[in-house]
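Letter by letter, the chains look like this.
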Amino acid sequence: MVERRPRMTSRESRRSRVQSPAGAPTEADASRWISVGKAEILGAMLGDKRRFAIRRRYEVKCGKDQSRYLRGSLEISLGNDLNWGRYLSRLLNNVYGISGSIYRSKREWILEVSSMRVVLDLSKYFSLEWKAKTWRVPKVFFQAPAEIRGALLRGYFDAEGYVQVSPRRIEIHASNRDGLSDTRTLLGLLGISSKIYTMRTGRSWKLHIPAGSLPKFKTSVGFSIARKQRALETIVRPALADS
């Protein structure tokens, strides 16, 4: 099953689209060239990137060999959160005018985008050599406005965050301590306290946001996945009553 999203009107697209400058962005232009939508897409990629690459087109079209041409490919794993995929598709359309498509694999939904323009732009912030155990948050985000930091974190927590009702907390488990440390720094810049704990195996870690920081997380980051946002609102009410 493949689902294709309609494009927004030209007026909506012009209002929401943000183009990036040529070359890699510097910390000085973080606030000018990273939109909220782009930051949230990058956050989702940090957690649930399935493919991010530039590949040759090994195919024949209209009798012509296409192998000399390159194709940009981005895939984001959605699990069973189809509506999250639709939401990310709208963000892509807002930023790039390209919605991509959503299809069902054997186990999960996948958001797929085939565009050199999109991949080249995102590669200014997100390395094509990305690895789960070594990724780091791009430095530009530490200089970006709070809204942009919050959007990056929202995408990442949508992808990897777990909301626990009892005891009240939010957690992320990962095999990359440096990546979690960067995430913790961004949270701290937004006034959200968190800690990192080593798991029993010694080969993975968890980032823990305690109950006292949940109200600030709700207002500064939150979730775009509806079921996670509902769970967050449920556990924030008791936290507010305790404060």
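Predicted model only: the values in this text are computed from it and were never measured. (Residues numbered from 1 in each chain as written. Predicted model: local features only at pLDDT ≥ 70, side-chain atom pairs only at ≥ 80, totals over all residues. Heavy atoms only, no water.)

Trainee: Describe the pairing of strand 9 (residues 169-174), listing the residues and the values that go with them.
Mentor: A large share of strand 9 lies buried, amounting to five of its six residues. Inspection of the sheet shows strand 8 (residues 162-164) paired to strand 9 by three bridges, in the antiparallel sense. Bridge pairing in strand 9 places Tyr 162 opposite Glu 171. Pairing of strand 9 with strand 11 (residues 205-210) involves six bridges; the strand directions are antiparallel. When the bridges of strand 11 are listed, Ala 174 appears paired with Trp 205. (Buried < 20%, exposed > 50% of the residue type's maximum accessible area, 1.4 Å probe, protein only. Helix = DSSP H or I, 4+ residues; strand = E, 2+ residues; numbered from the N terminus. Pairing = 2+ DSSP bridges.)

Trainee: Lay out the packing of aromatic side chains with the relevant residues and their values.
Mentor: Tallied over the full model, the rule gives six aromatic pairs. Note on Trp 135 and Tyr 156: the rings are 5.4 Å apart at their centroids and 75° apart in plane angle, and the pair reads as edge-to-face. On the criterion of sequence distance, the pair formed by Trp 135 in the loop between helix 5 (116-122) and helix 6 (140-143) and Tyr 156 in helix 7 (residues 146-160) is long-range, its members being 21 residues apart. Each member of the pair, Trp 135 as well as Tyr 156, is classed as buried. Between Tyr 156 and Phe 157 the ring centres are 6.1 Å apart and the planes differ by 70°, which places this aromatic pair in the edge-to-face class. Of the residues examined, Tyr 156 reaches a relative accessible area of 3% and is grouped as buried. (Phe/Tyr/Trp six-rings, centres within 6.5 Å; stacked < 30°, edge-to-face > 60°.)

Trainee: Go over the nonpolar core with me, naming the residues and quoting the values.
Mentor: Core analysis: the largest hydrophobic core is formed by 64 residues, its most contacted members being Met 45, Leu 122, Phe 141, Phe 157, Ile 170, Ile 209 and Phe 217. Those residues within four positions of Phe 141 in sequence are excluded, and the remaining contacts are Ile 34, Ala 39, Leu 42, Ile 148, Arg 149, Leu 152 and Leu 186. (Core = buried A, V, L, I, M, F, W, Y, C linked by side-chain atoms within 4.5 Å. Contact = heavy atoms within 4.5 Å.)

Trainee: A description of helix 4 (residues 82-96) should follow, citing residues and the corresponding values.
Mentor: Given a rise of 1.5 Å per residue, 15 residues ought to cover 21 Å, and the 21 Å separating the end C-alpha atoms of helix 4 matches this to within 8%. By the criterion of burial, helix 4 is predominantly enclosed, with 11 of the 15 residues buried. Buried within helix 4 we find Leu 82, Trp 84, Gly 85, Leu 88, Ser 89, Leu 91, Leu 92, Asn 93, Asn 94, Val 95 and Tyr 96. Of the residues one or two after helix 4, Gly 97 is the one with positive phi, at around 75°. (Expected span 1.5 Å × (residues − 1).)

Trainee: Explain helix 3 (residues 36-48) to me, using residue names and the numbers behind them.
Mentor: Along its 13 residues, helix 3 runs 18 Å from first to last C-alpha, staying within 8% of the 18 Å computed at 1.5 Å per residue. In terms of burial, helix 3 is a largely internal element, 12 of the 13 residues being buried. Looking at helix 3, one finds that the buried residues are Gly 37, Lys 38, Ala 39, Glu 40, Ile 41, Leu 42, Gly 43, Ala 44, Met 45, Leu 46, Gly 47 and Asp 48.

Trainee: Can you break down the sheet that holds strand 11 residue by residue, with the values?
Mentor: What links the strands of a sheet is backbone hydrogen bonding, and the strands pair in either a parallel or an antiparallel sense. Strand order in this open sheet of four strands is 8-9-11-10, and the pairing throughout is antiparallel. Two strands lie at the open edges of the sheet, namely strand 8 and strand 10 (195-198), each paired on one side alone. Shown here is a sheet whose adjacent strand axes are inclined to one another by a mean of 30°, direction ignored. Packing against the sheet, helix 7 makes contact with strand 8, strand 9 and strand 11, and its axis sits at approximately 80° to strand 9. The strands touched by helix 8 (residues 177-189) are strand 9, strand 10 and strand 11; relative to strand 11, the strand with the most contacts, the crossing angle is about 15°. (Axes fitted to C-alpha atoms, helices over the stretch in contact; angles between N-to-C directions.)

Trainee: An account of the pattern of salt bridges is needed here, citing residue identities and associated values.
Mentor: Summed over all chains, the structure comprises 10 salt bridges. For Glu 75, the salt bridge identified is with Arg 51, shortest N-O distance 3.5 Å. Here the residue Glu 75 occupies a position in strand 5 (residues 70-79), and Arg 51 occupies one in strand 2 (residues 49-56), the gap between them amounting to 24 residues. On the basis of relative accessibility, which here comes to 3%, the residue Glu 75 falls in the buried class. Residue Arg 51 is classed as partly exposed on the basis of its relative accessible area of 32%. (Salt bridge = Lys/Arg side-chain N within 4 Å of Asp/Glu carboxyl O.)

Trainee: Can you explain the confidence of the model for the chain? Please cite residues and give values.
Mentor: If pLDDT is low for a region, its predicted coordinates should not be looked at in detail. Counting all residues, the mean pLDDT for the chain is 84, and 78% of those residues have values of 70 or more. Contacts from residues 2-24, a stretch scored under 50 in pLDDT, to residues over four places away or in other chains number 43 contacts. (pLDDT = per-residue confidence, 0-100.)

Trainee: I'd like a rundown of the side chain of Gln 229, residues and numbers included.
Mentor: Here Gln 229 shows up in helix 10 (residues 226-242). Note on Gln 229: relative accessible area 16%, which makes it buried. For Gln 229, the residues in contact, after removing those within four places along its chain, are Lys 218, Gly 222 and Phe 223.

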